[in-house]
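For reference, the chains in residue letters:
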Amino acid sequence: MEVVIVADAAAQGELVASAVAELIARKPDALFGVATGSTPLPVYQALATKVGAGQVDVSRLKVCQLDEYVGLPAGHPESYREVLKREVLAPLGIGDEAFLGPDGSAEDLPAACAAYEQRLADAGGVDLQLLGIGTDGHIGFNEPVSSLASRTRIKTLTERTRVDNARFFNGLDEVPRHVITQGIGTILQARHLVLLATGAGKAEAVAATVEGPVSSMVPASALQMHPHATVVVDEAAAQQLKLADYYKATYASKPAWQGI
Ligand SMILES: N[C@@H]1[C@@H](O)[C@H](O)[C@@H](COP(=O)(O)O)O[C@@H]1O
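What counts and how
Residues numbered from 1 in each chain as written. Predicted model: local features only at pLDDT ≥ 70, side-chain atom pairs only at ≥ 80, totals over all residues. Helix = DSSP H or I, 4+ residues; strand = E, 2+ residues; numbered from the N terminus. Rg over C-alpha atoms; globule rule 2.2 N^0.38 Å. Buried ≥ 20, exposed ≤ 12 C-beta atoms within 10 Å, placed from the backbone. Contact = placed C-beta atoms within 7 Å. UniProt positions renumbered as here; feature names shortened; annotations may be inferred. Pairing = 2+ DSSP bridges. Right-handed = clockwise from strand over helix to strand, strands pointing away. Axes fitted to C-alpha atoms, helices over the stretch in contact; angles between N-to-C directions. Parallel < 35°, antiparallel > 145°, perpendicular 65-115°, else oblique. Nonpolar A, V, L, I, M, F, W, Y, C, P; charged D, E, K, R; others polar. Core = buried A, V, L, I, M, F, W, Y, C linked by C-beta atoms within 7 Å.

Caption draft 1: Up close: the overall build of the chain. When helices and strands are counted, the chain shows 8 helices and 10 strands. Its C-alpha atoms give the chain a radius of gyration of 17 Å, within 12% of the compact-globule value 18 Å for 260 residues. Principal axes of the C-alpha set define a box for the chain whose edges measure 55 × 40 × 35 Å. Looking at the chain residue by residue over its 260 residues, the buried ones come to 43%. Within the chain, counting contacts between residues at least 6 apart in sequence, those at least 24 apart form 80% of the total.

Caption draft 2: Examining the UniProt feature "active site" (unreviewed entry) in the chain more closely. In the numbering used here, UniProt assigns the feature "active site" (unreviewed entry) to Asp67, Asp136, His138 and Glu143. With respect to the element layout, aspartate 67 can be found in strand 4 (residues 67–69). Looking at the element boundaries, aspartate 136 is found in the loop between strand 6 (128–131) and strand 7 (153–156). Aspartate 136 has contacts with Glu143, Pro144, Thr158, Arg160, Thr161 and Ala205, leaving out every residue within four places of it along the chain.

Caption draft 3: Focus on the pairing of strand 9 (residues 192–197). Burial within strand 9 is extensive, with 6 of its 6 residues counted as buried. Both faces of strand 9 are covered, namely the face carrying His192, Val194 and Leu196 and the face carrying Leu193, Leu195 and Ala197. The sheet contact formed by strand 9 and strand 10 (residues 229–234) spans 5 bridges and is parallel. Bridge pairing in strand 10 links leucine 196 to valine 232. Each parallel crossover has a hand, and the one from strand 9 via helix 7 (residues 203–211) to strand 10 is right-handed.

Caption draft 4: Focus on the sheet that holds strand 4. Read across the open sheet, the 3 strands follow the order 4-8-7; overall the sheet is antiparallel. Only two strands of the sheet have a single partner each, and these edge strands are strand 4 and strand 7. For this sheet, the mean inter-axis angle between neighbouring strands, taken without regard to orientation, is 30°. Both strand 4 and strand 8 (residues 178–181) contribute to a ladder of 3 bridges, which runs antiparallel. Counted as the bridge partner of tyrosine 69 is valine 179 from strand 8.

Caption draft 5: Structural detail: the packing of helix 2 (residues 41–52) against helix 3 (residues 80–92). Where helix 2 meets helix 3, the closest approach of the two axes is 9 Å, and the angle between their N-to-C directions is 10°. Considered as vectors, helix 2 and helix 3 are oriented roughly parallel to each other. Contacts between helix 2 and helix 3 involve Leu41, Tyr44, Leu47, Ala48 and Val51 from the first element and Glu87, Val88, Pro91 and Leu92 from the second. Grouping the constituent residues of the contact of helix 2 with helix 3 by class yields 8 nonpolar, no polar and 1 charged.

Caption draft 6: Quick look at unusual backbone geometry. A positive phi angle, near 70°, is found at valine 145, a position not held by glycine. Relative to the elements of secondary structure, valine 145 occurs in the loop between strand 6 and strand 7.

Caption draft 7: Structural context of the environment of glycine 259. Looking at the secondary structure, you find glycine 259 in the segment after helix 8 (244–252). Non-local contacts of glycine 259, meaning those with residues more than four positions away in its chain, are made with Ala19 and Glu22.

Caption draft 8: Inspection of the nonpolar core at higher detail. If you look at the biggest cluster of nonpolar residues, it comprises 68 residues, and the most contacted ones within it are Leu47, Leu131, Val194, Leu195, Val206 and Val232. Top element by residues in this core is helix 1 (residues 9–26). It accounts for 6 residues.

Caption draft 9: Inspection of the sheet that holds strand 3 (residues 62–65) at higher detail. The strand order 1-10-9-6-2-3-5 describes an open sheet built from 7 strands, whose pairing is parallel. Only two strands of the sheet have a single partner each, and these edge strands are strand 1 (2–6) and strand 5 (99–100). The sheet contact formed by strand 6 and strand 9 spans 4 bridges and is parallel. Residue glutamine 129 lies in a different strand from strand 9, and its bridge partner there is leucine 193. Here helix 1 sits on the sheet in contact with strand 1, strand 2 (31–34), strand 6, strand 9 and strand 10, set at roughly 155° to strand 10.

Here's what the structure looks like:
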């Protein structure tokens, strides 16, 4: 696992957008896994700037979703599909036909989960998956004690996650209790995982992810098992990392051509 400590969210956005741009230059029809939440927004903004400046051609890029609420009517503005259309697809100028996501309003949810796994496989698998992290260490919506081998399935949100996400709804009662999420086993199949965290509120989860034991109690710690996982954090989110100086020295001496 590589840990990169950056000055702020803007630097994080620039660094990760550059990695996505390099991927697209190498593989124009790559499958880019995106995450919702506030943390990845600077990445999408920096990438949109590169696209606008003609530095990146996303005409063949495919984009896929990590997780989705269950039970929100199709087109609900806080369904992750709609959020990603607003925050990623529209700014990048990518059409719906290049977007893959699970159907959270399906009548047969297990079938929708299985169908989504199949679509990801048929698309050649995820090349680069962006991940945020919940304050309880979740990735996607894989809450604590999720199987580290899990596939896309229905999960029940913890109260803590519902409270964290209530800011996007008109109060806690409106936050769905159930979700569909790529499993941890699914996420681990992506070729490159990039986990983002900013702010002191994520410091404990980041330390447990990077330096704690691999444990289903901290789902993000499964990244320790991945051959190419990059954790990009700001100083505040890094403040509980015991080896922060080592990560900084390592990154500072890395040749620029190597990327992340
Ligand atoms: N399902 C999403 C996660 O994918 C995201 O990582 C997390 C953190 O969001 P934020 O980046 O806003 O802190 O929120 C939600 O729970």
